[in-house]
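What follows is each chain in one-letter form.
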Amino acid sequence: MKLSSLAVLIVTAAYASGYPLSQWRKRDVDPAIVPDFGFESGVNPTGTGDCDGAPGTNVKIPCFCPPPRDVMLKALNENIAAGHCVNNTVVSFDFPTDNSIQSEISRINGVLVTLQNLRGPGVGCPAASTTLNARRTGNCDGAIPGGPKIPCQCPPPRDEFISQLQDNAVAGKAVHNPDVKVDFPLDDSVASKKARIIASLITIQNLRGPGVGCPAVSTTLSQQLEALG
Ligand SMILES: *[C@@H]1O[C@H](CO)[C@@H](O)[C@H](O)[C@H]1NC(C)=O
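Just so it is clear, the model here is predicted, and its values are computed rather than measured.

Give a description of the environment of P67 that names residues and reports values.
Positionally, P67 belongs in the loop between β2 (60–62) and α3 (69–82). A sequence separation of 58 residues divides P67 from C125, and the C-alpha atoms of the two residues are 7.8 Å apart. Non-local contacts of P67, meaning those with residues more than four positions away in its chain, are made with F37, M72, L115, L118 and C125.

So this is what it looks like as structure tokens:
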């Protein structure tokens, strides 16, 4: 195939998919989907170059950490373009752009790897110069005030949840935990409303694997179930 017809094909495909052409030309990732540090540099300097780390980390960090966001973004784009961490080539680099929890975690990892290798292999800013670790592993407030803490990526985006719920309803079981039956009746009876809440709870708790998902307390579903008697 001639190059020119290949170009036409690509442009046509981009047009047909409704994807803005300007986005195809622009190589840089959309900053809006790049997780925020959640912390600023320079808190409580000791006078010897150390400052406080992000809340909850309880460690000192270099006062220049985290760097300005644009410095990180520039390095991040270089790492994405290379497919590995430029300053630490053994670390591969994946920066998916979709809405799923898994992809959000990959993006958090991408920002942390970029920070940690900003000045050379293993030389950069520690994870403690951000709140990203807590967001990845989970230490956010649950749906019940004063109740148990939950992973910060929970509950999942509603579209991810709905899509999984649909899969489970169609299969009649949790597709990621097939021993668990899922029933999703559509009528207006109390029993059916309860069944739908239970199906939602099963779905959310088995979102990514058997028992791997978001806890019930990342929602008010249990209370809604109780309220139905
Ligand atoms: C790699 O390290 C150099 C300094 O050694 C720095 O100038 C550059 O921005 C870093 N690149 C990335 C992608 O982190």
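I'd love a proper account of the site of the ligand, names of residues and values included.
Near the ligand, the surroundings consist of A75, E78, N79, V86, N87, N117, L118, R119 and G120. Residue N87 places a side-chain N or O atom 2.3 Å away from an oxygen atom belonging to the ligand. One nitrogen or oxygen atom from the main chain of R119 is found 3.2 Å from an oxygen atom belonging to the ligand. In the complex, the protein chains occlude 61% of the 360 Å² of accessible area that the ligand would expose alone. A breakdown of the residues in the shell around the ligand according to their chemical character gives three nonpolar, four polar and two charged.

Run through the side chain of R196, naming residues and quoting values.
Its place among the elements puts R196 in helix α7 (residues 190–205). This buried residue, R196, is left without a salt bridge; D188 holds the nearest opposite charge, at 4.8 Å. Once you skip the residues sitting within four places of it in the chain, R196 turns out to touch F184, P185, L186 and D187.

Can you explain the pattern of salt bridges? Please cite residues and give values.
Oppositely charged side chains may form a pair once their charged atoms are brought near each other. If you walk through the whole model with that rule in mind, you get four salt bridges. Here D52 and K60 are joined by a salt bridge, their closest N and O atoms 2.6 Å apart. K60 sits in the partly exposed class, given a relative accessible area of 47%.

Tell me about the confidence of the model for the chain, residues and numbers included.
When pLDDT is averaged along the chain, the result is 86; 88% of the residues meet or exceed 70. Here residues 1–25 scores under 50 on pLDDT; set against residues more than four positions off or in separate chains, the count is seven contacts.

I'd love a proper account of the state of the cysteines, names of residues and values included.
The tally for this structure, following the rule as stated, stands at four disulfides. Each sulfur in the disulfide pair C51 and C63 lies 2.0 Å from the other. Measuring the twist about the S-S bond at about 95°, one finds the C51-C63 disulfide to be right-handed. In this pair, C51 is assigned in strand β1 (residues 50–52) and C63 in the loop between β2 and α3, connecting sequence segments twelve residues apart. Relative accessible area serves as the criterion here: at 1%, C51 is assigned to the buried category. Given a relative accessible area of 21%, C63 falls into the partly exposed group. Disulfide partner of C154: C214, at an S-S distance of 2.0 Å. Measuring the twist about the S-S bond at about -85°, one finds the C154-C214 disulfide to be left-handed. Of this pair, C154 sits in the loop between β4 (149–150) and α6 (158–171) while C214 sits in the loop between α7 and α8 (221–227), and the two are 60 residues apart along the sequence. Accessibility expressed as a relative area gives 3% for C214, which makes it buried. Here the cysteine-cysteine linkages of the chain are recorded as 1-2, 3-4, 5-6, 7-8, numbering only bonded cysteines and doing so in sequence order.

Reading guide: rules and limits
Throughout, a residue's number is its position along its own chain's written sequence, starting from 1. Reporting of local features is limited, given that this is a predicted model, to residues whose pLDDT is at least 70; pairs of side-chain atoms are given and counted only at 80 or more, and all residues count toward the totals for whole chains, interfaces and linings. No hydrogens and no water enter the side-chain calculation; it runs on all heavy atoms of the structure. The secondary structure listing takes helices from DSSP runs of H or I that are at least 4 residues long and strands from runs of E that are at least 2 residues long, numbered from the N terminus. By the convention used here, residues are in contact when the closest approach between their heavy atoms is within 4.5 Å. Any residue with a non-hydrogen atom lying within 4 Å of a molecule or strand is treated as near it. Polar contacts, as counted here, are pairs of nitrogen or oxygen atoms within 3.5 Å of one another; within protein the pair requires one atom able to donate a hydrogen and one able to accept it, and residues that are adjacent in sequence qualify only if both atoms are side-chain atoms. All accessibility values rest on the Shrake-Rupley procedure with a 1.4 Å probe; residue burial counts only the protein chains present in the view. Throughout, the ten residues Ala, Val, Leu, Ile, Met, Phe, Trp, Tyr, Cys and Pro are labelled nonpolar, Asp, Glu, Lys and Arg are labelled charged, and all others, Gly among them, are labelled polar. Only protein chains enter the accessibility calculation, which uses a 1.4 Å probe; a residue whose area is less than 20% of its type maximum is buried, one above 50% is exposed, and one in between is partly exposed. By the counting scheme adopted, Arg and Lys are positive, Glu and Asp are negative, and His together with the chain ends is not counted. Whenever a carboxyl oxygen of Asp or Glu lies within 4 Å of a side-chain nitrogen of Lys or Arg, that contact is scored as a salt bridge. Scored from 0 to 100, pLDDT records how confident the predictor is in each individual residue. Our working definition of a disulfide is a cysteine sulfur pair at a distance within 2.5 Å.

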